[in-house]
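One-letter residues, chain by chain:
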Amino acid sequence: MSNNIVTDKIQMCVGDSTIFDLELRGNLIVIDGCSGVGKTYFFNSLRNAKYSGFPTNVNGVDLEKVLFINAYIKDLINIIEILKWHQGKLFVIDDADIIFTKEIAEYIGWDNKNQYIVFSRASWPFGLPPNYFAQMVDKNNKRILEYGF
């Protein structure tokens, strides 16, 4: 893993009731799990904070360094080329189980120029130790990442 880390923590308050307090480990974090735990809600809220001026309080990350990829744009862009083009960015990727190919997963697993948060309902073989895989859980009225190790 590289030292090219954009952030190690993202804190975000959405509206009056939803708080995300995410500790990030390394430059690739895979967050998997069932529907309804907040993965896509986090993705959309962070994207809205960057692009729409949606009233969201975000701490810990420079939104100018954050880029978003999800299933809605997978046919509109060449994902590998976008990943290769950028350096020093935090890619937040939703629906990885829908959009990833073996080539994309391999590239991300070896990329040391960018940081990645990958949301998926299924794990991908990135060649990572288990301490880079997490579940999003609600604890004390905050959504946090719970790592296996």
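Everything that follows concerns the structure shown earlier in this document.
Model, not experiment: these values are computed from the prediction. (Residues numbered from 1 in each chain as written. Predicted model: local features only at pLDDT ≥ 70, side-chain atom pairs only at ≥ 80, totals over all residues. Heavy atoms only, no water.)

### Notes on helix α1 (residues 39-51)
Note: α-helices contain 3.6 residues per turn, so residues at a spacing of three or four share the same orientation.
Alright, step 1. With 13 residues, α1 extends 18 Å from end C-alpha to end C-alpha; this agrees with the ideal 18 Å at 1.5 Å per step.
Alright, step 2. Within α1, the full set of buried residues consists of K39, F42, F43, S45, L46, A49 and K50. (Helix = DSSP H or I, 4+ residues; strand = E, 2+ residues; numbered from the N terminus. Expected span 1.5 Å × (residues − 1). Buried < 20%, exposed > 50% of the residue type's maximum accessible area, 1.4 Å probe, protein only.)

### Structural notes on unusual backbone geometry
Alright, step 1. In the Ramachandran plot, D95 falls in the positive-phi region, its phi being about 65° despite a non-glycine side chain.
Alright, step 2. With respect to the helices, strands and loops of the structure, D95 is situated in the loop between β6 (90-93) and α3 (96-99).
Alright, step 3. For D95, a relative accessible area of 16% translates into the label buried.
Alright, step 4. Although it is not a glycine, N141 sits at a positive phi angle of roughly 65°.
Alright, step 5. Within the secondary structure, N141 sits in the loop between β8 (133-139) and β9 (142-147).

### Structural notes on the side chain of D21
Alright, step 1. Mapped onto the secondary structure, D21 falls in strand β2 (residues 18-23).
Alright, step 2. A distance of 3.3 Å separates the side chain of D21 from the side chain of Q11, its partner in a polar contact.
Alright, step 3. For D21, the residues in contact, after removing those within four places along its chain, are K9, I10, Q11, K142, R143, I144 and L145. (Polar contact = N/O pair within 3.5 Å; in protein donor to acceptor, adjacent residues only side chain to side chain. Contact = heavy atoms within 4.5 Å.)

### Focus: the pairing of strand β7 (residues 115-120)
Alright, step 1. Among the 6 residues in β7, 6 count as buried, and that is most of the element.
Alright, step 2. Here β7 shows no split at all, with Q115, I117 and F119 on one side and Y116, V118 and S120 on the other all buried.
Alright, step 3. Where strand β3 (residues 28-32) lies against β7, 5 bridges are found, and the strand directions are parallel. Residue pairing across strands places I29 opposite I117, the latter belonging to β7.
Alright, step 4. By the bridge criterion, 4 bridges tie β6 to β7 in an arrangement that is parallel. When the sheet's bridge partners are listed, I93 is paired in β7 with V118. (Pairing = 2+ DSSP bridges.)

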